[in-house]
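Remarks on the overall topology
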Amino acid sequence: MTIYFDSTARNVHDFPVSEAERAARVQLAACYRIFNHLGWTEMIFNHITLRVPGPEKVFLINPFGLHYSEITASSLVLIDVEGNPVREAKWPVNRAGFVIHSAIHEHVGHAHCVMHTHTTTGMAVACLQAGLSPTNFYAAQLHGKVAYHDFEGITVDEGEQERMLKSIGDKPAVILRNHGLLAWGPSVPEAFMLLWTLQRACDVQIASSSAGALNPIRDEVFAQTVRESGPGEQRTCEDVFAAMQRLVDAKDPGYRD
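The text that follows walks through the structure, step by step, so that each part is easy to find.

Conventions adopted
- Residues numbered from 1 in each chain as written.
- Predicted model: local features only at pLDDT ≥ 70, side-chain atom pairs only at ≥ 80, totals over all residues.
- Heavy atoms only, no water.
- Buried < 20%, exposed > 50% of the residue type's maximum accessible area, 1.4 Å probe, protein only.
- Helix = DSSP H or I, 4+ residues; strand = E, 2+ residues; numbered from the N terminus.
- Arc of directions from axis to C-beta.
- Contact = heavy atoms within 4.5 Å.
- Phe/Tyr/Trp six-rings, centres within 6.5 Å; stacked < 30°, edge-to-face > 60°.
- Polar contact = N/O pair within 3.5 Å; in protein donor to acceptor, adjacent residues only side chain to side chain.
- Core = buried A, V, L, I, M, F, W, Y, C linked by side-chain atoms within 4.5 Å.
- Disulfide = S-S within 2.5 Å.
- Axes fitted to C-alpha atoms, helices over the stretch in contact; angles between N-to-C directions.
- Parallel < 35°, antiparallel > 145°, perpendicular 65-115°, else oblique.
- Nonpolar A, V, L, I, M, F, W, Y, C, P; charged D, E, K, R; others polar.

**Here we look at helix α5 (residues 160-168)**
Listing the buried residues of α5 in full gives E160, Q161, M164, L165 and I168. In an axial view of α5, the angular spread of the buried residues amounts to 135°, which keeps them on one side of the axis. When the buried face of α5 is taken as reference, the exposed residues oriented beyond 90 degrees from it are E162 and K166. For α5, the secondary structure elements touched by its buried residues are α2 (95-107), β7 (146-149), β8 (173-176) and β9 (180-185). A positive phi of about 60° marks G169, the residue just after α5.

Structure, rendered in structure tokens:
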């Protein structure tokens with residue numbers, strides 16, 4: 001995998017850690033530990049990024065080389081949308097993560113948090129020609145909200161950013177064909193709930209499709225299902241994330257350091 005930058009090889013400037021950044025660091029580190037708790041890990045690969053509140057377009061990303069179970073608030077790397085480190089970091093950043101996430105952070109106004117996974121069932125659905133089947137409880141909640149982007153190889157070419165953004169449009173759930181799942185949202189809890197729902201939809205689809213013919217959902221049911229969905233309710237998203245954060249706190253609150 002290509003490394004995008006080594007922070008020791010570039011000029012970095014003094015950028016004090018604000019209270020907003022500190023809070024963002026803790027929440028994002030918690031999210032990495034939640035992913036680990038759920039088994040959504042791929043050794044040291046994949047990414048969750050979070051924009052730091054404020055006028056600067058800077059976002060936090062995982063240091064390339066650490067497993068999600070090792071990530072802490074202080075080890076997260078702060079970079080700008082061009083991949084430049086905002087302050088000195090001990091670890092480099094993976095170029096593939098930068099190319100995907102920076103494009104969304106820069107050009108999708110409400111995309112403050114972006115998540116990408118390579119789960120087995122997520123990748124399995126991404127490899128299916130028909131993609132996500134609208135035949136289960138979770139898939140129905142995402143009706144009309146799922147975009148697709150064709151596979152172009154490992155995402156290290158910045159030229160792919162424009163094509164990817166065109167594929168995504170304003171849809172917050174994305175299936176990267178032959179690759180994996182992606183979700184974005186205005187906050188960590190909202191992006192998490194969206195990705196969790198997409199992941200569960202893939203889990204159920206792969207399990208049910210191997211058992212027999214799938215029962216279709218009536219078209220008139222989708223609008224109500226989307227309206228009443230968990231991802232559609234900010235309070236529900238926040239409550240779900242808070243519950244998961246309590247679980248990881250009980251296991252190891254060291255991520256807060």
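**Let's talk about the packing of aromatic side chains**
Both the distance between ring centres and the angle between the ring planes are used here to describe each pair of aromatic rings. Counted according to the given criterion, the structure contains nine aromatic pairs. Measuring from centroid to centroid gives 4.7 Å for Y32 and Y68, while their planes differ by 85°, and the two rings are edge-to-face. Within this pair, whereas Y32 is found in helix α1 (residues 19-38), its partner Y68 is found in the loop between β3 (58-61) and β4 (77-80), the two being separated by 36 residues in sequence. Look at Y32 and you get buried, because its relative accessible area is 0%. Relative to F192, the ring of F35 has its centre 6.3 Å away and its plane inclined at 45°; by these criteria the two rings are tilted.

**Quick notes on the side chain of H116**
Within the fold, H116 resides in strand β6 (residues 113-117). Within the local environment of H116, its side chain forms a polar contact with the side chain of H179, the two groups lying 3.2 Å apart. A polar atom in the side chain of H116 sits 2.9 Å from the backbone oxygen of L181. Residues within four places of H116 in sequence aside, it is in contact with N46, H47, Y68, H101, L176, H179, G180, L181 and L182.

**A closer look at the side chain of S102**
When you line up the elements, S102 lands in helix α2. If near-sequence neighbours (up to four positions away) are discounted, S102 is found in contact with F59, V81, G97 and Q161.

**Observations regarding the nonpolar core**
One finds F35, I48, M115, L132 and F192 to be the most contacted residues of the largest nonpolar core, which totals 48 residues. Here this core takes nine residues from α1, the largest share from any one element. If we skip the residues at most four places from it in the chain, L132 touches V125, A139, V146, Y148, I175, L198, A201, C202 and Q205. Residues A147, L165, V174 and W184 belong to the second largest nonpolar core, which totals 14 residues.

**With respect to the state of the cysteines**
Under the counting rule described, the total for this entry stands at zero disulfides. Its sulfur unpaired, C31 is 5.9 Å from the next cysteine sulfur, which belongs to C113. Cysteine C127 shares no disulfide, and the gap to the nearest cysteine sulfur, in C202, comes to 11 Å.

**Here's the deal with the packing of helix α3 (residues 120-127) against helix α6 (residues 188-209)**
Between α3 and α6, the least distance of the axes is 8 Å, while the angle of their chain directions is 75°. It follows from the interaxial angle that α3 and α6 lie roughly perpendicular. From α3, T121, G122, A124 and V125 reach across to α6, where they touch Q199, C202, D203, Q205 and I206. Across the contact of α3 with α6, the residue classes break down as four nonpolar, four polar and one charged.

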